[in-house]
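Architecture at a glance
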Amino acid sequence: MTGEVPLWEVFIRPRNGLSHKHVGSLHATDEVMALQAARDVYTRRGEGNSIWVVPSAAITASDPDQAGENFEPGEKIYRHPTFYDIPEQVGHM
Amino acid sequence: MYSQGLIGADGRTEETPEFLAAFQARVDAEQKIEPNDDMPEGYRRTLVRQIGQHAHSEIVGMLPEGNWITRAPSLRRKAALLAKVQDEGGHGLYLYSAAETLGVTRKQMTEELLDGRAKYSSIFNYPTLSWADIGTIGWLVDGAAIMNQIPLCRCSYGPYARAMIRVCKEESFHQRQGYEIVMTLARGTPEQKAMAQDSLNRWWWPSIMMFGPHDADSQHSDQSMAWKIKRFTNDELRQKFIDATVPQAEFLGLTIPDPELKWNEEKGGYDHGPIDWDEFWRVVKGFGPCARDRVAARKKAWDDGEWVREAALAHAEKRRARKLAVAAE
């Protein structure tokens, strides 16, 4: 065999109203086979009603070393509702 | 996931004492290690070996049971056994995916299994001689596997832990279906009960060997414990398994084939007789009764499937080219 069979990431929506969630990956030569394999491998017990398959190579991932630059609540406490003083008489807000 | 970016990447890390200490601190703080994180090369290698071996065990484990699908005694048993063997295939695939996140390819792992560099659980080198063996495998072999796998759900390596959570959820059906088969035989005719006992006699010792060598002789244990790949030692898990299984055998009216097995009030567990480690190492090294058959069956599947893989890739390539041509018009 010459080429490697490409890798796909599998996302499943457990039911309507929820978002698709990553469940794992698999190898398949094309999107049709990837969907069939995803059904066999990841939904043997009714895990969901919708499957997405995405070529792994199509995913661009962030560098974990750069995670420090993501929003850090500790430094931007004014983004939290409790930062603002509202008198109790005003009631729930 | 993520493996595409890692395949062919150099897994080496700068292993200064500071780096190793920082890594150990993350592990000690119960932070999961994810595929793109820096990790010591030894950690990566250990996981590749362990997850690969685990995946191969699931796949090879399909063979002794698949052997009985056409001869299952009823439609109910056949449907359950088919589903179980399909699950084992699925478990192998979850695990291969987890190993691939560490920069090893599926093809490499398959080749290592076929040329004997990679190991799989030695239990699958024993033959399934009677239908009772299908029950005993579910009860004891899957039972021992669950004992091993539950702590792996908390393994420090994220993808392995996540795969194990799925596997464990599915595995408990396997053990229950096995126990039900053994129970049916144990409550059947004297001949059926004798079949169940014979099967227990053959599978008991190989099952308790599944936990690996005694702690004092286990070469990988200490580092794996420190890295929280393992949470319990081989002997601790073996003890838990024996303590859980003995009452299950008593309930069936079957006898565990170990004359030295007895309850030890002081430690709150059973003491067992000496394990034949010479047999264990013989089987691990490929001298088990079925070792050659198992690898030959995998090799045949791989070789016979070659034209299918090639045709599927060629078909995908043709479709892709056709799509490009249409787009260009």
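Since the structure is predicted, the reported quantities are computational estimates derived from the model, not experimental observations. (Residues numbered from 1 in each chain as written. Chains lettered and ligands numbered in written order. Predicted model: local features only at pLDDT ≥ 70, side-chain atom pairs only at ≥ 80, totals over all residues. Heavy atoms only, no water.)

**Examining the packing of aromatic side chains**
Residues and elements named next belong to chain B. Here is the rule: Between rings of Phe, Tyr and Trp, where Trp is taken as its six-membered ring, a pair exists when centres lie within 6.5 Å; planes separated by under 30 degrees are stacked, by over 60 edge-to-face, and by other angles tilted. Working definition: helices are DSSP H or I runs of at least four residues, strands are E runs of at least two. Numbering for both runs from the N terminus. To sort residues, take the accessible area from a 1.4 Å probe on protein chains only and compare it with the maximum for the residue type: under 20% means buried, over 50% means exposed, and anything in between is partly exposed. Charge-over-ring contacts are defined here by two conditions on Lys NZ or Arg CZ: a distance within 6 Å of the ring centre and an angle within 35 degrees of the ring normal.
Scanning the entire structure with this criterion turns up 14 aromatic pairs over all chains. When the ring of Tyr 43 is compared with that of Tyr 157, the centres are 6.4 Å apart and the planes differ by 80°; the resulting orientation is edge-to-face. Placement of Tyr 43 in helix α3 (residues 41-60) and of Tyr 157 in the loop between α7 (131-152) and α8 (158-186) is noted, with a sequence separation of 114 residues between them. For Tyr 157, a relative accessible area of 0% puts it in the buried group. Aromatic ring contacts, followed pair by pair, group Phe 23, Tyr 43, Tyr 157 and Trp 227 into a single cluster. Directly above the ring of Trp 68 sits Arg 71, whose terminal nitrogen or CZ lies 3.9 Å from the centroid.

**What about the interface of chain B and chain A?**
Worth spelling out the cut-off: Contacts are assigned to residue pairs with any non-hydrogen atoms lying within 4.5 Å of each other. As a working definition, buried area equals the accessible area (1.4 Å probe) given up by two parts on being put together, with both sides summed. Definition used for salt bridges: Asp or Glu carboxyl oxygen within 4 Å of a side-chain nitrogen of Lys or Arg. Side-chain atoms alone can form a polar contact between residues adjacent in sequence; in general such a contact is a pair of N or O atoms within 3.5 Å, and within protein one must be able to donate a hydrogen while the other accepts it. Ten residue types, Ala, Val, Leu, Ile, Met, Phe, Trp, Tyr, Cys and Pro, are classed as nonpolar, four, Asp, Glu, Lys and Arg, as charged, and the remainder, Gly among them, as polar.
If you look at the interface, chain B gives 29 residues, while chain A gives 28 residues. Buried surface at the junction of chain B and chain A, both sides included, amounts to about 2,400 Å², of which 54% is carbon and sulfur. At the boundary of chain B and chain A, one finds eight salt bridges. With a closest N to O distance of 2.5 Å, Arg45(A) and Asp87(B) form a salt bridge. At the boundary of chain B and chain A, one finds ten residue pairs in polar contact (both at pLDDT 80 or more). Breaking the side of chain B that touches chain A down by element, the ones donating at least two residues are α1 (3-6), α5 (75-100), α6 (106-114), α8 and α14 (306-328) of chain B. The class makeup of the residues in the side of chain B that touches chain A is eight nonpolar, nine polar and twelve charged.

**A look at a nonpolar patch on the surface**
Residues and elements named next belong to chain A. The following threshold applies: Each patch is built from salt-bridge-free residues with over 30% relative accessible area, joining like charges within 9 Å and nonpolar side chains (Val, Leu, Ile, Met, Phe, Trp, Tyr) within 5 Å. Accessible areas in this description were obtained via Shrake-Rupley with a 1.4 Å probe; residue shielding takes into account the shown protein chains only.
A cluster of nonpolar side chains, namely Ile 77, Tyr 78, Phe 83, Tyr 84, Ile 86, Val 90 and Met 93, defines an oily patch on the protein surface of about 760 Å² accessible area. Tracing the backbone through its elements, the reader meets Met 93 in the segment after β3 (50-55). Its relative accessible area of 74% is what places Met 93 among the exposed residues.

**Notes on the state of the cysteines**
Residue and element names in this part refer to chain B. Where we set the bar: Disulfides are defined as cysteine sulfur pairs within 2.5 Å.
Applying the stated criterion to the full structure yields zero disulfides over all chains. In this model Cys 168 remains outside any disulfide bridge; the closest cysteine sulfur is found in Cys 153, 3.7 Å from its own. Among the residues examined, Cys 168 registers a relative accessible area of 15% and is labelled buried.

**Structural notes on the packing of α6(B) against helix α13 (residues 291-304) of chain B**
The angle between the axes and the distance between the axes are what describe a pair of packed helices. All names here are of chain B. Keep this limit in mind: Throughout, an axis means a line fitted to C-alpha atoms (over the contacting stretch in the case of helices), and angles, computed between N-to-C directions, take values from 0 to 180 degrees. Angle categories are assigned with fixed cut-offs, so that under 35 degrees is roughly parallel, over 145 is roughly antiparallel, 65 to 115 is roughly perpendicular, and the rest are oblique. Each crossing gets its handedness from the near helix: less than a right angle anticlockwise from the far helix is left-handed, clockwise is right-handed.
At their nearest, the axes of α6 and α13 sit 9 Å apart, and the two run at 140° to each other. Classed by the angle they form, the pair α6 and α13 counts as oblique. Considering how the two elements wind past one another, α6 and α13 form a crossing that is left-handed. Judged by residue contacts, Lys 107, Thr 110, Leu 113 and Leu 114 of α6 engage Val 295, Arg 298, Lys 299 and Trp 302 from α13.

**Focus on the sheet that holds β3(A)**
All names here are of chain A. The test is simple: At least two DSSP bridges between two strands are needed for those strands to be called paired.
Across the sheet, which stays open at both edges, the three strands sit in the order β2-β1-β3 with antiparallel pairing between neighbours. The sheet is open, and its two edges are formed by β2 (21-27) and β3, each paired on a single side. Recorded for the sheet is a direction-independent mean angle of 30° between the axes of neighbouring strands. With six bridges joining them, strand β1 (residues 7-13) and β2 adopt antiparallel strand pairing. The partner of Ile 12 across the bridge, within β2, is Lys 21.

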